[in-house]
There are 2 protein chains.
Amino acid sequence: MADGPTINTIAERAGVSIASVSRVLNGLPTRQETERKVLKAAEELGYVRNAVARSLKSRRTDQVAFAMADVGNPAYLAMLRQIQPVLKAAGYRLVLHSTDAVAADEIDVLHSLGERYVDGLIMSPLRVTDAHLEMLAAARAPVVIIGSVPEGTPVDNVRADSRTGVRLAVDHLYALGRRRIAMVNGPLDTVPGAARGAAYREALEDLGLPYDDDLVQIGDFYRAEGARAVAELLARVPDVDALMCANDLIALGALDVLRAAGRRVPDDVAVVGMDDTDLAAASWPSLTSVSLGSAERGKVAAELLLDRLRGGDREPRVVTVAPRLAVRASTAGPAYEPADRKEGGA
Amino acid sequence: MADGPTINTIAERAGVSIASVSRVLNGLPTRQETERKVLKAAEELGYVRNAVARSLKSRRTDQVAFAMADVGNPAYLAMLRQIQPVLKAAGYRLVLHSTDAVAADEIDVLHSLGERYVDGLIMSPLRVTDAHLEMLAAARAPVVIIGSVPEGTPVDNVRADSRTGVRLAVDHLYALGRRRIAMVNGPLDTVPGAARGAAYREALEDLGLPYDDDLVQIGDFYRAEGARAVAELLARVPDVDALMCANDLIALGALDVLRAAGRRVPDDVAVVGMDDTDLAAASWPSLTSVSLGSAERGKVAAELLLDRLRGGDREPRVVTVAPRLAVRASTAGPAYEPADRKEGGA
DNA sequence: TTGTAGGCGTTATCAG
DNA sequence: CTGATAACGCCTACAA
């Protein structure tokens, strides 16, 4: 762990100037002989470029960050899988941050942007506080937000249309004859929580169904929390016949609880998730879910960031990705009995 | 996105020297008046320290990296959840890398260590190639490997004891009366794949059970791959009565396939996973799984790294975490029928 | 307590 | 094509 060699060490050993070393290392035109000597010396010394010094001079790190609110949520993984290759192909290394939706951690990541550790940032905050907005306004490197920020925030913004998404789901449930459609949501002070809650209410009203506070249960966007919320809901409203869950993890928790309670899905209670993650197709029964285009949003976000990094000093752009309903067994297919019925939903 | 202010900008505005600015910003003793002026100027300018320049001088970044082979595997998340707070408490920012078990990506992360972007690294490689070992030997910053590296590799090493772990599981299955115990493994050229495969063979032999190639199926450490592998296995060896899966994801895939095939778990086929992730307890039926102490390993790794970062220039240390069998429904409990039987396993 | 100046390892400009 | 040399932004003796 002794101090590593620098271009100076190489220069000495090769008997050339540091300028020549730098040139060789950066592939600039050099005499064959010089190049050979330098490369040989570098090799022998086990030289590794000090990227920190390089960044200081070049003002670039060739690194980009993606800050995820919940690493355990496959929706973010779907984004990651799209973001990673796009940036990699463009020569950037992607570093991840796990913020656990803690505002302070997100602010810290934003801060690290200012510290110049990365050239750009993709972030998907659950809550958007004033502190967030301040830092975004002051950001000196490109930021792309996946999720919604207020109009006028000077960053690119890739949005889901959860309003339409929730409507797709509620309409689907209604079409199946469900009339006691409950909503299991995450915290209302989160961006998705607020949007999905409002959308649910709106969808019901448009269908002429009464909005009933009892049918709304707030928990959090995790499986265990979802399960807890659904347990409470069932106790309070035993006649509920459909659950609109604010994400797939909540929906999986719902399935756990319904199974334990002996309620058949979808016969007794239909369940819809959101995000259409891998888990939705893999669960039992498989889960109908509203795709909010996680993968697509990741891809778009990466491309927007890349565009900015390449010098696009354009107006902030807002892209909205369209939702899609993936109908599966939890609302329309066979429930516990070994498959074969063919009825299809909606 | 104009060029940000530096300590020079602040110095001018505050009418002091850059040295004073630096001192104030670092909390060194300064006259009240000076401090006030500097802080005011910094505030007004929206100053953010350039961490790159700071690092160049101080030779520290206060950042540490954790390279995960598979972000989608909850076993790594369990590690992460332990690593994160330990390092954070010590003042380090944790950055994550997703390598997808691609050797080239892992080498790149190791390279980034040499580039001085981070002060240390925790890494959990699936395969350990010569290139890995070379870079580890040459590493100029502390590295902790979660997983096994050959004796003599000059890095701290936190190991699981999958040998004992597999044995616990196989013995358990044997005690339940199972005699056609198959193994569903990941690639044999991975460290865990090789270890678990060998352990399985050894465990059978010690029980006096014949080792049968037909009972071994190689796939990969993901759910879909696990499902595929189990489907093949079932087709080839219909009378199998127990599956020892090399991790929980494979085991979940196994449950999917068994359910689709109408085989009852555990009545017809008992299933054991490894890693004892959150998913094991949450699956249906809940999954018996060998805990290899992911959380514990993460914690130990973080502490070892911290020790090194604090100057511990000691001998490389090897810590092995003991396995534990978590018995659940997939081997011992009720299967598909609504619970109530009380028999307990082993 | 404060300012001046040197240096961290690179890159890039400018003469030679 | 090559070699001095000046930044990049910050920290830190050392001197005042």
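These lines cover the structure that appears in this document, whether it is placed above or below. From a predicted model like this one, the values you see are computed outputs, not experimental measurements.

## Regarding the side chain of Ser-286 of chain B
Residues and elements named next belong to chain B. When you line up the elements, Ser-286 lands in the loop between α12 (278–282) and β10 (288–291). Within the structure, Ser-286 has its side chain in polar contact with the backbone nitrogen of Ala-329 (distance 3.1 Å). The residues touching Ser-286, leaving out its near neighbours within four places in the chain, are Ala-280, Ala-281, Arg-328, Ala-329 and Ser-330.

## Describing unusual backbone geometry
Trp-284 of chain A connects to Pro-285 of chain A through a cis peptide bond whose omega is -5°. Inspection of the secondary structure assignment puts Pro-285 of chain A in the loop between α12 (278–282) and β10 (288–291). A cis amide bond links Val-265 of chain B to the next residue, Pro-266 of chain B, at an omega of 10°. You will see that Arg-116 of chain A, though not glycine, has its phi angle at about 75°, which is positive. With respect to the helices, strands and loops of the structure, Arg-116 of chain A is situated in the loop between α6 (103–114) and β3 (120–123). We classify Arg-116 of chain A as partly exposed; its relative accessible area is 26%. One non-glycine residue, Asp-275 of chain A, lies in the positive phi region at around 110°. As for its placement among the helices and strands, Asp-275 of chain A is situated in the loop between β9 (270–274) and α12. Given a relative accessible area of 10%, Asp-275 of chain A falls into the buried group.

## Quick notes on the nonpolar core
Judged by nonpolar contacts, the single largest core of 147 residues is most densely connected at Leu-243 and Val-271 of chain A together with Leu-243 and Val-271 of chain B. Those residues in contact with Val-271 of chain B, other than ones at most four positions away along the chain, are Leu-243, Cys-245, Ala-251, Ala-254, Leu-255, Leu-258, Val-265, Leu-287, Thr-288, Ser-330 and Thr-331 of chain B. Core analysis: the next-biggest nonpolar cluster, separate from the first, contains 32 residues, Val-109 and Leu-136 of chain A together with Ala-65 and Leu-110 of chain B among them.

## Here's the deal with the environment of Val-86 of chain A
All names here are of chain A. The topology assignment puts Val-86 in helix α5 (residues 74–89). With 18 residues separating them along the chain, Val-86 and Ala-104 place their C-alpha atoms 29 Å apart. If we ignore the near neighbours within four places in the chain, the residues touching Val-86 are Ala-302, Glu-303 and Leu-306.

## Let's talk about the protein's contact with DNA strand D
With respect to spatial proximity, 25 residues lie near DNA strand D, and among them Ser-20, Thr-34 and Arg-59 of chain A together with Ile-7 and Tyr-47 of chain B are the closest. Sugar plus phosphate, as a fraction of atoms of DNA strand D within 4 Å of the protein: 65%. Here Arg-31 of chain A contributes a backbone N or O atom positioned 3.1 Å from a phosphate oxygen of DNA strand D. Ala-53 of chain B is positioned such that a nitrogen or oxygen atom in its backbone is 3.3 Å from a base nitrogen of DNA strand D. Of all elements in the fold, only α2 (18–25) and α4 (51–58) of chain A together with α2 (18–25) and α4 (51–58) of chain B reach the threshold of two or more residues within the surface near DNA strand D. It is α2 of chain A that contributes the most residues to the surface near DNA strand D, 4 residues altogether.

## What about the pattern of salt bridges?
Residues and elements named next belong to chain A. Tallied over the entire structure, the rule returns 53 salt bridges over all chains. Notably, a salt bridge pairs Arg-127 with Asp-189, separated by 3.1 Å at the nearest N-O pair. In this pair, Arg-127 sits in the loop between β3 and α7 (130–138) while Asp-189 sits in the loop between β6 (181–185) and α9 (191–206), placing the two residues 62 residues apart along the sequence. Accessibility expressed as a relative area gives 52% for Asp-189, which makes it exposed. For Asp-206, the salt bridge goes to Arg-167, with nearest N and O atoms at 2.7 Å. With Asp-206 in helix α9 and Arg-167 in helix α8 (residues 162–175), this residue pair connects regions lying 39 residues apart in the sequence. Residue Asp-206 is classed as exposed on the basis of its relative accessible area, which comes to 54%. Residue Arg-167 is classed as partly exposed on the basis of its relative accessible area of 26%.

Each value, and the rule that gives it
Residues numbered from 1 in each chain as written. Chains lettered and ligands numbered in written order. Predicted model: local features only at pLDDT ≥ 70, side-chain atom pairs only at ≥ 80, totals over all residues. Heavy atoms only, no water. Helix = DSSP H or I, 4+ residues; strand = E, 2+ residues; numbered from the N terminus. Polar contact = N/O pair within 3.5 Å; in protein donor to acceptor, adjacent residues only side chain to side chain. Contact = heavy atoms within 4.5 Å. Buried < 20%, exposed > 50% of the residue type's maximum accessible area, 1.4 Å probe, protein only. Core = buried A, V, L, I, M, F, W, Y, C linked by side-chain atoms within 4.5 Å. Near = heavy atom within 4 Å. Salt bridge = Lys/Arg side-chain N within 4 Å of Asp/Glu carboxyl O.

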